[in-house]
Structures are given as structure tokens and as C-alpha cells.
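# Structural overview
What follows is each chain in one-letter form.
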Amino acid sequence: MIKTEKILHLKSHRGRKVRVVREHYLRERVPCYSSLCQADCENDGKVLPGDLTHYVVPDVGVVVDFLEILEFRELQGVVFTQTACQAVQHCKGRRQYNRLRNLIKDPRHDCVLFANEFQEYSYCPREKGESQEKWQTRCVYSAAVWYHNHLAGMKDVVMITEDQDAVAEYSSLNAGVYVISVQDFLQNFWPELQPAHELYSSISQALQEKESESSQKEYTEHLPAEILEAGIKSGRYIKGTLNINKHHDEASIMTEGLSNKNNGTELHPSWAVLVCGNKNRNRAVHGDTVVVELLPKSEWRGKVTALSEGEEKSGEDNESKPMPTGRVVGILQRNWRDYVVTFPPRDGTQSQSRNSQRILAVPWDRRIPKIRISTQQADALQDHRVVVRIDSWESTSLYPNGHSVRVLGRAGEMETEVQTILIENCIHVPPFSDAQLREMPVNSPEKPWRMDPVQVAERRDLRETHLVFSIDPRGCEDVDDTLSVRSIAGGKLLELGVHIADVTHFVAEGSLTDLEASTTYYLADRRYDMLPAVLSADLCSLLGGVDRYAMSVMWELDAQTLAVNKVWYGRTVIRSSYQLHYELAQALLNGEPAEVPELARLEPEEKDAKLAELNQALETLTHVARHLRAQRDRGGALELEGVEVRAQLDEQRNITALVPRQPLEVHETVAECMIYANHWVARKIQETFPHQALLRRHPPPRQEFFNQLVESAKAMGFTIDTRTNKALADSLDRAVDPQDPLVNKMLRMMATTAMSQALYFSTGLESQDQFYHYGLALDRYTHFTSPIRRYADIVVHRLLTAAIAVERGADSGRAIASNKELEELAQHINSKNRAAQRAQKLSTVLFQCLYFKERDPQTDPQCVADAIVYSIRNNGLLVYIPEYGVKGPVYLKNREGQVVAAGEDGSCEWQSGSLRHYSDRISTTSSCGTSTFRLCDHITVRISVRSTSSHADSLNLEIISNKPHRSAEPQQPHSQGRSQLVQEVVRQAEEAQQQAQEKAARRPKLSREEREFSQSKTPNLYSLLEEVRELALMDLDTAARVCVTSAS
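These lines cover the structure that appears in this document, whether it is placed above or below. Throughout, a residue's number is its position along its own chain's written sequence, starting from 1. Where local features are concerned, this predicted model is filtered to residues with pLDDT of at least 70; where side-chain atom pairs are given and counted, the filter is 80 or more; whole-chain, interface and lining totals use all residues. Values reported for side chains reflect all heavy atoms of the structure, with hydrogen atoms and water molecules removed beforehand.

## Description of the packing of aromatic side chains
Put simply, two rings from Phe, Tyr or Trp (the six-membered ring, in Trp's case) pair if the centres are within 6.5 Å, and we call them stacked under 30 degrees between planes, edge-to-face over 60, tilted for the rest. Per the stated rule, a full pass over the model turns up 17 aromatic pairs. Ring centres of Y141 and Y170 lie 4.4 Å apart, and the angle between their planes is 25°; on these two criteria the pair is classed as stacked. With Y141 in helix α5 (residues 132–150) and Y170 in helix α6 (residues 164–170), this residue pair connects regions lying 29 residues apart in the sequence. Each residue's exposure class comes from its accessible area (1.4 Å probe, protein chains only) as a fraction of the maximum for that residue type: buried when under 20%, exposed when over 50%, partly exposed otherwise. Given a relative accessible area of 7%, Y141 falls into the buried group. When the ring of F852 is compared with that of Y884, the centres are 5.1 Å apart and the planes differ by 90°; the resulting orientation is edge-to-face. Think of it this way: any DSSP run of H or I at least four residues long counts as a helix, any run of E at least two long counts as a strand, and we number them from the N terminus.

Below, the structure written as C-alpha cells:
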């Protein structure tokens, strides 16, 4: 080891240059991570293959500016130098640096990191007077030469750079080491990799445009990081995540109860700081971690409370009470991601050069500012959806600069819109790779899968002793849970069993499949599975009549009191005797005639005996589930309300089923058993690993979030107590209007809005009193019952396996993840779940718009529906349409200042007049008199679609009568309306399919891999219902699309 010195030239927080000298140690042996190495380097982990024609060493400029090109999996044998990685960290920040680190760690990419600055023979000290750029290029070239020599010339090394001086200086110095430009590299080695060529062209143009920026300041400069950190510590500045309102030109950040010494303000922990206007946001984008300085109290404003229709002018009448208002003075962490934009039609304001045109592309997400793109395809890409990335946003530019990545397709086409939803939510769903599929077991007619005798011997065999059955939707393929119940000890005891697919037997920790798994994504017309079909629909699916591995929880209960005597956890072998669907199970419980397929071929006597045995098991299971639900109800479990219009479609995108409006009791029975299993597994892993268990908590909502619920209920004559979940549940049960059952539904929807979000967490991060699940009224809870579709359940299965091993005194195998590692994983899973929920919601809205888009709202009776008012705003109403599960705004005042006036027959028209807003009602006054709209009033609305080329379509609701649409009972028409919805969407889908065949060249199709490995036909209904329970506690709009009967 050789000791030397490394000289750094840094800047102080005051901007002065500082010369720092640090000790630097050089080693002769540094890992090269090549499979061709003959020097016995300690190459632990990923190594470069030896069958490539060359290795690629990108210089600093290429890694900093063209990292996206290096992310193509086709580019193999890439050697990233320590010099380049440090430059990314200093120039691009932590986010880009972490992206590079993740790329290097990713086993799917053939790239490694070489610590060239610690290698004795590749290290280059910086010479006196040498610029940093020249020194960095020399370091990278030295590393490339060392690599070639280290491998004894067996592998050519190509250094790629955008520095033409470096190409001229180094290209002919060493045989076997080639120095070429990125463009030449792509043209010579990857001529057919067209996306990489297009991306290179786009980035190059963006870099050229950046150099030609004007010097006039449009925004104030951000403060240095040192000043920001000091200001945060002193209380002068406030740190938070910027959340931009998509309807108004305002944003907010949540405070953490910090005082502001600039104006002596003590901020309440629940307050948000308002940031109004682009100038005060100071180039911050939605999701950025920013630092805010409060404005003087005289400049504080309130949030806009009026409904937004295009441009909305603010004013005292349309704002809430003044709240802390500030301006962004610095950005700690950028949250830039891929954005979908639309190129607008050309006009004279777009600047143009000989080779490219500068376009202000309009993002699909209304919260994102326009992005300036340089492109040579401006005309061809008009009205197309294009994926872009932001490169920079200088203080001299009104808009951020970016570059295009790829074209999705023409705006408005189905596949384009679906892919837009995925990209906007950072969801990447490529087909399962060959490497992942090679990890999978084989099960084919030629080579059927069989159980391992060793595994069978180690597990508890339930095949001959227990009546195991599943209850799922009709035709379900991915059965991940089964149940059993039997009487033991002469009828004194009951044994209840929940048996879950043993996914962890097939998915090894650290495998490619494990690394890629996150969650299953459900959209209205498709589903992207977390696991390959050989597992999700076959070997992990607990199908009837086949042997399967399972993870089981079995309770021994007192037959009279149902008190728990003992619980057994372990791995089992099961064979499901019956694969029931929900309607069949409910029919058996009701004593109705029903045909069980598994019993169809038996003799009458044997058939009757087995049917009686199955009926007894279902009745016992229902009895136990009622008891479990009653226990949770006594503890304060909530029953929240949602809208049940989730559609299930087949591969041709025809709707095949809708989740029933009112769940059958058997839905509740299955759900209660799953909740019970989740609760007991949470207890087990938390008691065994107090600081390293993955649980799910649901914090109590903030009391101020219940204000609208309490005030609305009071206006209707009800009292809502929100002090505890028990008090809330009881008061919601009492708030019933015998004349209108939708009143209670509305109140429960308001309660849903107030709910906080349920989150995964590591038990080492929180005190035990924070483990509580508010919605379920359980002291500990986790997810264990759906490992086929949720990665969190896979983690919990591994923890349970380790806990069982600890209990038996056996070796648990791999070390349990530390609290820090588990918490990072929990945050990642939470993020993926939020993205999945947003995508599901947007997909549902997309299909709702498709249903109404081709209809004439003026003549089609299906565009007229009954709506109920659930919220009052300054200039209108928020309503819910039960028939279609649609929620949205209804304006009572338009841009011209006219208000809605109702005639004697209830019909409405626009007239000059005034509007007055109250907490529980809103009144309009015109020449026709005064019309008043109250909470829970039924009105008639006309539904149409508001289309824009740049953004997603949305539904437009217009009031046409202040009376109910139908005078009959409000519940009666729903089923008929949904049936017509199904029939009409099926008809439209069939027509669209015919058009797609005629225009095959224009419409993108799914690849064979996507059809085979990324989708399956129908989701597991219990899984959907359990997910719905979670959604009900998080987001009203999401909950309003699915069936929910209790909070989860």
C-alpha cells in the first residue's frame, strides 16, 4: 500500500475557493471484476462475461450526460470508473448518483465499478495547471489501458467520450485501446439499436440548447446547501415536500411543528405552508424536497376553495382563512422522473433552427410545467404522447429544458393512454426476462412437476386428514388461500386453518424474480402479475384436486366460546378438495339447490354424505367468522363505504364481470379468516423479532380532517363522535335516514376521506403503541395471505419461517434483515403500492370516459343520471352518481358570472344572478327566484366527456334539474344501469377490435411475452376485496371504485 495525497478544490458556503489536501492510499491489487482475470483478483459478486468482443469504458462526460444510453441492457461489458461515479455525485446530485449505483448493482446489466483511483498503476495525480476535465479524461483513459494490460491483451477496450480533443490525443497511443465518440460507438457497434440513436440525438440537442441560454434572470438563485441546512436547524427555513394542486396555481408543504424565527411564528404541527405562483415556487417541481422561507403575515393567503374550471381567479370569497405562506429558497432533492408530454400544433412562436425545432411540450400531468424540447420531428410528433426527461432548469429560463426518450403513440388511442398511466406512476412492467424464467420450475405434459419427497417429509401433511377448500371468483386461476375447519376432541374443540400458497419455496431470496417483485398491478382492462404464470396460475395456485405446498396457521378453539387454546404455524402439504366460487358457496349456505362440480360424478349416497360434510364446514366457518367480526366491532372496527363498480375484462377487453354491489356474507367470512391469520402472524413475527418485523399500521386520523363530516352530519341532524374509532363506528351506525339509505353512505364516504394511509413499517422504528391498526381495531397487523400478488407478504412469509426455526432451535438460514434495511424495504413497498392505487384509479376513470365518449349527451338517455350532493363548495357542488360510480363537480356559477336557476318543474338553465354559500347548502338567486341545494339532495345531471389533446379525458357533469332523475326508489335502477354499461362497453370493445384489425399498422400490439408472462385473465376476488379495504382507508376516489365492507 502506497500513501499519497489527493488535492481537492472546493467552495465554501460563502462561495470562496478552498484547497483541501487529503491522504490517499494506493493498492496494487484492486478487483477488476472480469471473468478473464488471471491475476486472482478478489472478484466477489457480479463479473463481466468473457465472451464479449470488447469492454466499454465511458469517460466522465458520457456518464454524466448520457447515462440513459448506458442503461440499455444490450450494451454489455461496461466498466464504470470511480472517477466518473464521483463526478456524477458532485455534478448531478444524490438522486442521479443512486441511479448509477443501482445500475451497477443490478444483476441484469453487464456493468461493474472499477476503483481506478485506488489502483497503484492506474492512478493519475493531477498535474499543476491541469483542468479538472482534462485530468478526469486522463484518469479514465489510464483505467482503460490498465484494463487491457491487466487482461493480457485478451480483450479490446473501447473508451467512449464526447471530447474530440481526447479522441485526437489518445486514439492511437495504445494498441487494443480505442477512443471514439459516443455517436461513432453506436453507429459502428449498435447500428440497429434505433432507440439508443434517437436518445443520443435528443440528449445532444438538449445539451446544445442549454449552452445557448440567455443570461437574463427569470428566477432568483437558490441558496447554497450549507446556508439551507443552517437555516433549517435554526428555524429560519422550513423543509418539506412540495405538493402542487392540479386544479389551482398553488402548492403546499406540510410542516413538522417548527418555529419560524424570521417572523416569530410558531407553526402548528398540522399546518401546511402555502406556496402561490410560479415565481414563489422558484423552479421547484411537484414532489421536490424544498426549503421554504415564510413571507410576512401581511402577505399570507388562504387556499382556493372554489371549484376550478380552467382559469380560476382567486379572491377573498374563494379562499379559506389565511394560512402561513412562503417562497422556495432552495431545493434539497429533485424528484424528476419520466414525464409524458404532447407536442402541440406548430405556431409562429416556436423557435426553429436548421436542424431542430424548440417545442414547449405540454405534460399530461397538469402539475408539471411545460418542458422545452429540441427535436427534429416536431411536425411528425404533433398530437402524439412522448416520454421526456428534464435535464435542467436554470434561473435564466422560464421553463425546464429536457429531451425526448421515446414515442408512445397517438394521443387518444387506447394502448397509448394505458401506457401513459403506467409511466406517469413510475410503473415499469416489462415481460419476465429469460433469466427469470430459467429460475422457474418446469411443469409441462412432457415434464410434469412433482413434489420433492424430502420437502414432503419435513412438512405437516394435511391431504388425508383435513377437508381443505377454496372460495374465489368463478374461473379464478390464482388461488392463493384455502380454508379448513373441523371438530376435534369429541366435539369440544374446533380446528380452524388458513392455508396460504408457499411462494417462498419457489422464489429464493436474492434471486432475479425476488429482486424484480413488487406488487401486481390491476388496471381496468388488464393485470400485470408480480410472478410468472407458472407460479401465479399454476404451482403456487392452490387449485382443486392437486398437491401443493402451503404455509398454514391453525387455531385450536373452544367449541362453545371460540376462545383460542393454541396456535400452530408451519409449512404444510395440502390438497384442496373443493374449488368453490362465491355464489356457489353462498347458495350452499342458504340451502338452495346447487351443483358442486367435484361431486357431479359420485353415486347419490356418497354425494349426499360429502355434500353434508361440506355444508357443515361452511356453516361452522360462517359461525366462527361472525364471532371474529363481532370481536373486532366491539374493539372499534370501522365499516367504511365505497362505490362498487370495478369491472373485470377478458383479454379482448370485454367486461366479463362486475364486483357485486352488496357483498355476500361468504365474502365477509373469507375476509375475516384472512384478517385473523394476518393478525396472528403479525403477533408471531413481532414477538420473535421485536425490532425486525414487517407490520402494517394505520394511524388514527387527525381530528381536524373530520370537520366536514361532523359539520355535514350536524346539518342533517346527526351527531358524529370522532374521539375514537369505536365512537366513530357507533355514531356512523346511528346516522341513518330511513327515507334515504344513501345518506349513511355519504357520511361513510366522508369518513373515508378523513382516513390516514395504512403503511408498512419495521417494528424497530416505532414504539409498540404505534403498531395499532385504527381501521381494523387490532394491536398488530401485517399482510400474509396474498404472496402471489404482494411482495410484502413474501417478506412476512420469510420472517414467519425464521420465527418457526427460532422456536424449534434450528438454524433460520439467511440472516434476518436489519431494522434499517427492513424500513428501507417498507418505504419502497409503500411507494409501489401508492403507484398501483393511483394507476388503478386513473385506469377506471379512463374506461368511464370511454363509455360516454361516443354518446351524444343531448339525446342519449344513458348520459342522464341521478346524483346525490356530498359536498358544498363556494361555486358549486361535489356529487356522486351511484348508477355509474362517478364522482365529480357540478358548477352553479360559470365564467360569465351566470348562475343556475331552477324553474317550477325543476329544470335548470343559466341566468344572471347571485350565489350564496353556507356550510350545509348553497343558494342561487335570479329572476326565477331562489334555488337552494343542500347536502344529500338528489339532483339530475347530464354526463359528457371533456377532451383535450394534452391531458387525460375527464367527465363533465352539468345539472339539468334540481329534482331526482327517477322518482322511484334510488336503489332500484342501479343494477339495470350497470348491466347496460356492461353491454355497451362490450359492444364498443368489439367494434374497436374490428377497427384495430383494419388499422393494425397504426395500433401497437402487445408482444407474445407480454401476453404470456405479464397478464392473466381474472384477479382473485378476495384479493381485490382485501385490497379494497385498504384503499378505503387511503383515498376516497380509489375506494369509490371498488367494493368495501370494512376498513383494512
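Additional details are given in the paragraphs that follow.
## As for the nonpolar core
Of all hydrophobic cores here, the largest spans 85 residues; its most connected members are F469, I471, L496, W555, L580, L694 and F784. If you count residues domain by domain, this core takes at least three from each of domain 3 (434–606) and domain 4 (665–851). We call two residues in contact whenever any of their non-hydrogen atoms come within 4.5 Å of each other. Every residue in contact with L580, bar those within four places of it in the chain, is listed here: F469, S470, I471, D472, A585, V596, L614 and L618. Take the buried residues of types Ala, Val, Leu, Ile, Met, Phe, Trp, Tyr and Cys, join any two whose side-chain atoms come within 4.5 Å, and each joined set is a nonpolar core. The next biggest cluster of nonpolar side chains, apart from the first, holds 65 residues, and it includes L36, C37, F66 and C111. Residue ranges assigned to each domain were obtained from an automatic or database domain assignment.

## Some details on helix α18 (residues 665–688)
Two residues of an α-helix separated by three or four positions point the same way, owing to the 3.6 residues in each turn. Given a helix with a known number of residues, its expected span is that number minus one, times 1.5 Å. For α18, spanning 24 residues, the distance from its first C-alpha to its last is 35 Å, which sits close to the expected 34 Å at 1.5 Å a residue. Across the 24 residues that make up α18, a large majority, 20, are buried.

## A look at the environment of L494
Residue position: L494 is located in strand β24 (residues 493–501). Overall, the relative accessible area of 10% leaves L494 in the buried class. Sequence-wise, L494 and W555 are 61 residues apart; in three dimensions their C-alpha atoms are separated by 8.0 Å. Not counting chain neighbours up to four residues away, the residues in contact with L494 comprise R486, S487, I488, W555, E556, L557, A559, L562, T620 and V624.

## A look at the sheet that holds strand β38 (residues 908–917)
The strand order across the open sheet formed by four strands is β37-β38-β39-β40, and the pairing between neighbours is antiparallel. In the strand order of this sheet, the two ends are held by β37 (898–902) and β40 (929–934), each with one partner. Strand-to-strand twist in this sheet, taken as the mean axis angle between neighbours without regard to direction, amounts to 50°. For β37 and β38, the ladder comprises five bridges, and the chain directions are antiparallel. Counterpart to V899 in the pairing with β38 is Q911. Two strands make a pair as long as DSSP finds a minimum of two bridges between them. Think of each axis as a best-fit line through the C-alpha atoms, taken over the contacting stretch in the case of a helix, with angles from 0 to 180 degrees between the N-to-C directions.

## Quick word on the pairing of β24
Counting buried positions over the nine residues of β24 gives nine, a clear majority of the element. Two elements, strand β23 (residues 481–488) and β24, share eight bridges in a ladder whose sense is antiparallel. Residue T482 lies in a different strand from β24, and its bridge partner there is H499. Connecting β23 to the antiparallel partner β24 that follows it, the hairpin turn spans four residues, and A489 within it adopts a positive phi of roughly 55°. Two strands pair when backbone bridges link them, and β24 and strand β27 (residues 547–558) are joined in this way by nine bridges, in the antiparallel orientation. Directly across from L496, in β27, lies its bridge partner W555.

## As for a negative patch on the surface
Taken together, the side chains of E603, E605, E606 and D608 define an acidic patch exposed on the protein surface. Its relative accessible area of 70% is what places E605 among the exposed residues. For patch detection, residues must exceed 30% relative accessible area and be free of salt bridges, and they are connected within 9 Å for like charges or within 5 Å for nonpolar side chains (Val, Leu, Ile, Met, Phe, Trp, Tyr). With residues, only the protein chains shown are counted as cover, and all accessible areas are computed by Shrake-Rupley using a 1.4 Å probe. The working definition used for a salt bridge is a side-chain nitrogen of Lys or Arg within 4 Å of a carboxyl oxygen of Asp or Glu. By the counting scheme adopted, Arg and Lys are positive, Glu and Asp are negative, and His together with the chain ends is not counted. Where a charge lies is defined by one atom per residue type, namely NZ (Lys), CZ (Arg), CG (Asp) and CD (Glu).

## What to know about the pattern of salt bridges
Where charged atoms from two side chains of opposite charge approach closely, those side chains can pair. Per the stated rule, a full pass over the model turns up 45 salt bridges. The closest approach of N and O atoms between E293 and R327, which form a salt bridge, is 2.9 Å. With E293 in strand β14 (residues 289–294) and R327 in strand β15 (residues 326–333), the pair connects residues that are 34 residues apart, well separated along the chain.

## Comments concerning unusual backbone geometry
Positive phi, normally seen in glycine, also occurs at A152, with a value near 55°. For A152, the position within the fold is in the loop between α5 and β6 (156–161).

## A short note on helix α17 (residues 604–635)
In this model α17 runs 47 Å from its N-terminal to its C-terminal C-alpha over 32 residues, within 8% of the 46 Å that 1.5 Å per residue would give. Looking at α17, one finds that the buried residues are L614, N615, A617, L618, T620, L621, T622, V624, A625, L628, R629 and R632. The positive-phi residue at the C-terminal boundary of α17 is G636, with phi of around 110°.

## Re the sheet that holds strand β19 (residues 384–392)
Here five strands make up a closed barrel; going around it, the order is β16-β17-β18-β20-β19 and the pairing mixed. Direction aside, the axes of adjacent strands within the sheet are offset by 50° on average. By the bridge criterion, five bridges tie strand β16 (residues 338–342) to β19 in an arrangement that is antiparallel. Bridge pairing in β19 links T342 to R385. Sheet contacts for helix α11 (residues 414–424): β16, β19 and β20 (401–410); angle to β20, the most-contacted strand, approximately 145°.

## Section: the pairing of strand β7 (residues 177–181)
With respect to burial, β7 is a largely interior element, four of its five residues being buried. Where β6 and β7 come together, five bridges link them in parallel fashion. Residue pairing for β7: T161 is matched across the bridge by S181. Whether a crossover is right-handed comes down to one check: with the strands pointing away from the viewer, does the path from the first strand over the helix to the second run clockwise; if it does, it is right-handed. Following the chain from β6 across α6 to the adjacent parallel β7, one finds a crossover that is right-handed.

## Here we look at the side chain of R385
If you trace the backbone, R385 turns up in strand β19. Looking at R385, the relative accessible area reads 2%, which means it is buried. Within 3.5 Å is the distance limit for a polar contact, defined as a pair of N or O atoms, with the added protein rule that one can donate a hydrogen and the other accept it, and that residues adjacent in sequence qualify only through two side-chain atoms. At a separation of 3.2 Å, a polar atom in the side chain of R385 contacts the side chain of E417. A polar contact is formed between the side chain of R385 and the backbone oxygen of S949, at a distance of 2.8 Å.

## A closer look at a positive patch on the surface
A cluster of like positive charges, contributed by K246, R366, R895 and R946, occupies part of the molecular surface. Looking at where R946 falls in the secondary structure, it is placed in strand β41 (residues 938–946).

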